[in-house]
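Fold and contact review
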Amino acid sequence: MSQRKTRVRFAPSPTGTLHIGGVRTALYNYLFAHKNNGDFIIRIEDTDQQRFVEGAENYIMEALNWLGINPTESPVHGGPFGPYRQSERKEIYQKYAQQLVDSGNAYYAFDTAAELEEMRKRLVEAKSSNQQYNAATRMEMRNSLTLNVEEVNQLLEAHKPYVIRIKLPENENVHFTDIIRGDISVNTANMDDKVLFKSDGMPTYHLANVVDDYLMEISHVIRGEEWLPSAPLHVLLYRYLGWEDKMPQFSHLPLILKPDGNGKLSKRDGDRLGFPVVPLDWTDPATGNITNGYREHGYLPKAVLNFLALLGWNDGTEKEVFSLEEMIASFSLERINKSGAKFDFEKAKWFNHHYLQLMSNDELAAELLPKFIANGYSTTEEYILKIVGLLKERSNFTDDILKQSTFFFDPPAAYDDAILSKKWKPQFMEVFKGWKDTFTEMCDFTPSQIEVNSKMYLENREVGIGSVMQPFRILITGVSNGPSVFEICSILGQSEVIARMETGLNHIAKLEKV
RNA sequence: GGCCCGUUCGUCUAGGGGUUAGGACACCAGAUUUUCAUUCUGGUAACAGGGGUUCGAUUCCCCUACGGGCUACCA
């Protein structure tokens, strides 16, 4: 076999957001390309003008960029095999469609939508095992095989709408080897004379895909399992076009399934389960509906990449945490699973927690500062740095830090009265007032000093520290749990702690009266 | 319906003719944390069913069941 350069492509349609299965396909393509010192190409498959969505292409490019899996060639990066948008390659396909007609491997079909529907209905009623447009039925339809040459020419000259269909053999086994699944074989009797060229002058996926993969010298096609049934068709196309020796090797990836129940994971599952299934926030231009993305949800690109890579692939060891470089080093198509994987939100969360802990406090603080400011807190990176140090390990997402930190900026707007009244004893009022006064006298307001100071005071008053800590926490933060309360006090500072104790005690005084 | 693909703990998976069927997430318990979370330690938990082949099958073959995909002038 000749040494071909490894060239792979990710070929999304710009019909909306990129969903997580697509992201994984892109990732596997990227990994395989880099593993083999090859090229990773993005090709935009926008042959369906009806489904084209404005902004979708940008979204795809931005998502891949966010994840750090950038292509070597693409519509925006350019490259020697462009253009990389199929709509801009329109003329190319026509030539090959014509070539197939001329060689007798394709034909014109003039059937209307109604005629096609009628045919299928008739076959259903006749209890035919399948309702395909192929050797079994094509001679009953209006096409260049049933019409005579003059009729065909007349229709063509009159600009009657037509499509070009592939002419499949009647009964032939087509087989090919899939790197992931092994030998696949399908008989043409069960296949369709698929439309290759549409009446609007655009090719269908099947033609465009094969032509472009050939012209772009693609060596491996790595795509979703939904393409497995049409792979034999593509094999035939390579054969009829005379490119069989340049045919790429196929790898059909297992699908990503819904976490609950059955079926392929969809965008709607994300909304339904309150969990992102797309990389970035996406606003549907038609409806204005927003789909939440990983990035905005506080996911780290490294975490998304890692858990996605493991959804259907592993390196055969017990290693689960991979950097992108490590994934490249150990990636192989042969180790991709055959069966679909249910998406596991919990594991994704765990990965994110893991990668969040790996980030330095400085890094996190720098990233979070704008968010804090956007939330209306006037603060400094220095202050955020302290908060991050305290909150990081209890957070799964960067935003968790934001959410847990309100009491670092504002005194409690409300207190957890249920727990407060359960833990509070009338005699605490005097104890707390005295405790507060000890803070006034402190000159070193560090966590350890506050702790030592408090323990000493409470011991002198013969009050069990355990009975008093929970109310103290609520007075300071309003809530009954969180990080070390002494740490919190130290960050808040002496005067703020004293002030909060005062307002807190006033609140309790009011509670007691009721 | 037809065609194609698949099936190991709840989930993601390792393994592969003889194993105490391994790991991770989740879950449960204990320890640490005067709270909660984190962390640490331990634990529960799986070869879809039936036939073969074989001295021996979870592993190989067949059937069934179940799951998934495709079945458009969508990709």
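Residues numbered from 1 in each chain as written. Chains lettered and ligands numbered in written order. Predicted model: local features only at pLDDT ≥ 70, side-chain atom pairs only at ≥ 80, totals over all residues. Heavy atoms only, no water.

Turning our attention to the overall build of chain A. A count of helices and strands for chain A gives 20 helices and 13 strands. Its C-alpha atoms give chain A a radius of gyration of 32 Å, more than 25% over the compact-globule value 24 Å for 514 residues. The principal-axis extent of the C-alpha atoms belonging to chain A is close to 110 × 50 × 35 Å. Within chain A, the fraction of its 514 residues that count as buried is 50%. (Helix = DSSP H or I, 4+ residues; strand = E, 2+ residues; numbered from the N terminus. Rg over C-alpha atoms; globule rule 2.2 N^0.38 Å. Buried < 20%, exposed > 50% of the residue type's maximum accessible area, 1.4 Å probe, protein only.)

Here we come to the sheet that holds strand β3 (residues 106–109). The three strands lie next to each other as β3-β4-β7, forming an open sheet whose pairing is antiparallel. Among the strands making up the open sheet, the edge pair consists of β3 and β7 (195–197). Pairs of neighbouring strands in the sheet enclose a mean axial angle of 45°, with direction left out of account. Taken together, the four bridges between β3 and strand β4 (residues 163–166) define a ladder with antiparallel strand orientation. Counted as the bridge partner of Ala106 is Ile166 from β4. (Pairing = 2+ DSSP bridges. Axes fitted to C-alpha atoms, helices over the stretch in contact; angles between N-to-C directions.)

Moving on, we come to the packing of aromatic side chains. Within this structure, the stated rule accounts for 35 aromatic pairs. When the centroid spacing of 5.6 Å and the interplanar angle of 40° are considered together, the rings of Trp313 and Phe331 count as tilted. On the criterion of sequence distance, the pair formed by Trp313 in the loop between α9 (301–309) and α10 (324–330) and Phe331 in the loop between α10 and β13 (341–342) is long-range, its members being 18 residues apart. The class for Phe331 is buried, based on a relative accessible area of 2%. Plain terms: the ring middles of Trp350 and Phe351 are 5.1 Å apart, the flat faces sit at 70° to each other, and that makes the pair edge-to-face. Residue Trp350 is classed as partly exposed on the basis of its relative accessible area, which comes to 44%. An aromatic cluster is built from Phe275, Tyr294, Tyr299, Phe307, Phe343, Phe345 and Phe397, whose rings are joined through pairwise contacts. (Phe/Tyr/Trp six-rings, centres within 6.5 Å; stacked < 30°, edge-to-face > 60°.)

As a further point, take the domain arrangement of chain A. Assigned domains within chain A: domain 1 (90–212), domain 2 (282–359), domain 3 (360–402) and domain 4 (411–513). Using C-alpha coordinates to define each centre, domain 2 is positioned 43 Å away from domain 4. (Domains from an automatic or database assignment.)

The next thing to look at is the protein's contact with RNA strand B. What surrounds RNA strand B is a group of 63 residues, the closest being Ser13, Arg181, Asn262, Arg394 and Ile465. Counted by atom, the contact set of RNA strand B within 4 Å of the protein is 72% sugar and phosphate. Within the backbone of Gly312, a nitrogen or oxygen atom sits 3.1 Å from a phosphate oxygen of RNA strand B. Of all elements in the fold, only β4, β6 (182–187), β13, α11 (345–358) and α18 (465–477) reach the threshold of two or more residues within the surface near RNA strand B. Grouping the amino acids of the surface near RNA strand B by side-chain chemistry returns 17 nonpolar, 22 polar and 24 charged. (Near = heavy atom within 4 Å. Polar contact = N/O pair within 3.5 Å; in protein donor to acceptor, adjacent residues only side chain to side chain. Nonpolar A, V, L, I, M, F, W, Y, C, P; charged D, E, K, R; others polar.)

Glancing now at helix α13 (residues 381–391). Among all positions in α13, only Tyr383, Ile384, Ile387, Val388, Leu390 and Leu391 are buried. Summarising the axial view, the buried residues of α13 lie within an arc of 165°, below the 170-degree limit, and thus occupy one face. Where α13 is buried, its residues touch α12 (361–374), α14 (398–403) and α19 (485–492). (Arc of directions from axis to C-beta. Contact = heavy atoms within 4.5 Å.)

Turning our attention to the side chain of Asn352. Take Asn352: it is sitting in helix α11. A distance of 3.4 Å separates a polar side-chain atom of Asn352 from the backbone oxygen of Gly298. Beyond its immediate chain neighbours, meaning those up to four positions away, Asn352 contacts Gly298, Tyr299, Leu300, Ala303, Asn396 and Phe397.

In this section: the pattern of salt bridges. This model, assessed by the stated rule, comprises 29 salt bridges. With a shortest N-O distance of 2.7 Å, Asp212 and Arg89 are connected by a salt bridge. Placement of the pair is Asp212 in helix α6 (residues 205–215) and Arg89 in the loop between α2 (56–67) and α3 (90–102), with a sequence separation of 123 residues. Across the pair, Arg89 and Asp212 agree in class, each one buried. Three or more residues joined by partner-sharing salt bridges are found here, namely Arg9, Arg43, Glu45, Arg89, Asp212 and Asp213. (Salt bridge = Lys/Arg side-chain N within 4 Å of Asp/Glu carboxyl O.)

Two numbers describe how α9 lies on α11: the axes approach to 8 Å, and their chain directions differ by 140°. With respect to their mutual orientation, α9 and α11 come out oblique. The chirality of how α9 crosses α11 is right-handed. Contacts between α9 and α11 involve Lys302, Ala303, Asn306 and Phe307 on the former and, on the latter, Ala348, Phe351, Asn352 and Tyr355. Grouping the amino acids of the contact of α9 with α11 by side-chain chemistry returns five nonpolar, two polar and one charged. (Parallel < 35°, antiparallel > 145°, perpendicular 65-115°, else oblique. Left-handed = near helix turned anticlockwise from the far one by under 90°.)

So, on to the pairing of strand β1 (residues 7–10). By the alternation rule, side chains of β1 split into Arg7 and Arg9 and Val8 and Phe10, which are all buried. As paired elements, β1 and strand β2 (residues 39–42) share four bridges and run parallel to each other. Residue pairing in the sheet places Arg7 in a bridge with Asp39 of β2. Handedness of the crossover joining β1 and β2 through helix α1 (residues 20–35) is recorded here as right-handed. (Right-handed = clockwise from strand over helix to strand, strands pointing away.)

This next bit is on the nonpolar core. Within the largest apolar cluster, 113 residues are counted, with the highest numbers of intra-cluster contacts made by Phe343, Phe408, Phe432, Trp435, Phe439 and Phe472. The biggest single contributor to this core is α1, with nine residues. Among all residues touching Phe432, those that are not within four sequence positions of it are Trp424, Val468, Pro471, Phe472, Leu475, Met501 and Leu505. (Core = buried A, V, L, I, M, F, W, Y, C linked by side-chain atoms within 4.5 Å.)

Below, the discussion takes up the environment of Arg9. Structurally, Arg9 can be placed in strand β1. Separated by 211 residues in the primary sequence, Arg9 and His220 have C-alpha atoms spaced 8.1 Å apart. Non-local contacts of Arg9, meaning those with residues more than four positions away in its chain, are made with Asn29, Ile41, Arg43, Tyr205, Asn209, Asp213, Ile218, Val221 and Ile222.

All right, on to unusual backbone geometry then. Residue Pro83 follows Gly82 across a cis peptide bond; omega there is -5°. By secondary structure assignment, the location of Pro83 is in the loop between α2 and α3. One non-glycine residue, His159, lies in positive phi territory at about 55°. With respect to the helices and strands, the residue His159 is situated in the loop between α5 (149–157) and β4. In this structure, Glu217 takes a positive phi of about 55° despite not being glycine.

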